[in-house]
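Chains, contacts and geometry: an overview
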Amino acid sequence: VMWQLEAERKKLGSQPIVVTSGFRSYACNSSVGGASNSRHLYGTAADLSQRSGPSLCQMASTARNSGFEGIFGPGYPGHNDHTHVDNRSSRVWSAPNCGI
């Protein structure tokens, strides 16, 4: 995940990317209501927040060309306040408010 995040950061003009969640233990994942098969449990996912810099939609859009197979962002249930990116075996992209 780190090399994809760095690729994304460079494509966004080397702006900082705020990662609010990466690897999670089972207890942590459960406490935040994460999926039972969450990619966070394997350290292959990151949740990105907008505090300054690129918008959530910019991050979701750029993630498509940065090596991520899983992208969930604004418009996908539970993802209006962050963009989730991950590595998985098949491509699933959904950020309807961003045209993805």
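Refer to the structure printed above.
Residues numbered from 1 in each chain as written. Predicted model: local features only at pLDDT ≥ 70, side-chain atom pairs only at ≥ 80, totals over all residues. Heavy atoms only, no water.

Focus: the overall build of the chain
What the chain contains, in helices and strands, is three helices and five strands. Listed by position from the N terminus, the elements making up the chain come as α-β-α-β-α-β-β-β. Taking 2.2 N^0.38 as the reference for a compact globule, 100 residues should give roughly 13 Å; the C-alpha atoms of the chain span a radius of gyration of 12 Å, in line with that estimate. Referenced to the eigenvectors of the C-alpha coordinate spread, the extents of the chain come out at roughly 35 × 30 × 25 Å. Looking at the chain residue by residue over its 100 residues, the buried ones come to 40%. (Helix = DSSP H or I, 4+ residues; strand = E, 2+ residues; numbered from the N terminus. Rg over C-alpha atoms; globule rule 2.2 N^0.38 Å. Buried < 20%, exposed > 50% of the residue type's maximum accessible area, 1.4 Å probe, protein only.)

Some remarks on the nonpolar core
Buried together is how nonpolar side chains tend to be arranged in soluble globular proteins. Counting residues in each nonpolar core, the largest one holds 15 residues, and the members touching the most others are Leu 5, Ala 46, Leu 48, Met 59, Phe 68 and Val 85. Secondary structure elements with two or more residues in this core: strand S2 (45-49) and helix H3 (56-63). When residues no more than four places from it in sequence are discounted, the contact partners of Val 85 are Leu 5, Thr 44, Ala 45, Ala 46, Leu 48, Ala 63, Phe 68 and Gly 70. (Core = buried A, V, L, I, M, F, W, Y, C linked by side-chain atoms within 4.5 Å. Contact = heavy atoms within 4.5 Å.)

Notes on the packing of aromatic side chains
By the definition in use, this model includes one aromatic pair. Ring geometry for Phe 72 against Tyr 76: centres 4.6 Å apart, planes inclined by 45°, an arrangement best described as tilted. The exposure class of Tyr 76 is partly exposed, given its relative accessible area of 31%. (Phe/Tyr/Trp six-rings, centres within 6.5 Å; stacked < 30°, edge-to-face > 60°.)

Thoughts on the pairing of strand S4 (residues 83-86)
Where burial is concerned, the two faces of S4 agree: the one with Thr 83 and Val 85 and the one with His 84 and Asp 86 are both buried. Here S2 pairs with S4 via four bridges, running antiparallel. Its bridge partner lying in S4, Ala 46 is registered against Val 85. In terms of strand pairing, strand S3 (residues 70-72) meets S4 through three bridges, oriented antiparallel. Bridging across to S4, Ile 71 finds its partner in Val 85. (Pairing = 2+ DSSP bridges.)

Here's the deal with the sheet that holds S3
Strand order in this open sheet of five strands is S1-S2-S4-S3-S5, and the pairing throughout is mixed. Either end of the sheet is taken by a strand with one partner, and the two such strands are strand S1 (18-21) and strand S5 (92-94). Put simply, the sheet's adjacent strands are angled 25° from each other on average, direction ignored. In this sheet, S2 lies alongside S1 in antiparallel orientation, the contact comprising three bridges. By the bridge assignment, Ser 21 is partnered in S2 with Asp 47. (Axes fitted to C-alpha atoms, helices over the stretch in contact; angles between N-to-C directions.)

Remarks on the state of the cysteines
Evaluated as defined, the whole model comprises one disulfide. Here Cys 57 engages in a disulfide with Cys 98; their sulfurs sit 2.0 Å apart. Here the disulfide of Cys 57 and Cys 98 is left-handed, its torsion about the S-S bond being about -75°. You can see Cys 57 sitting in helix H3 and its partner Cys 98 sitting in the segment after S5, a full 41 residues away along the chain. (Disulfide = S-S within 2.5 Å.)

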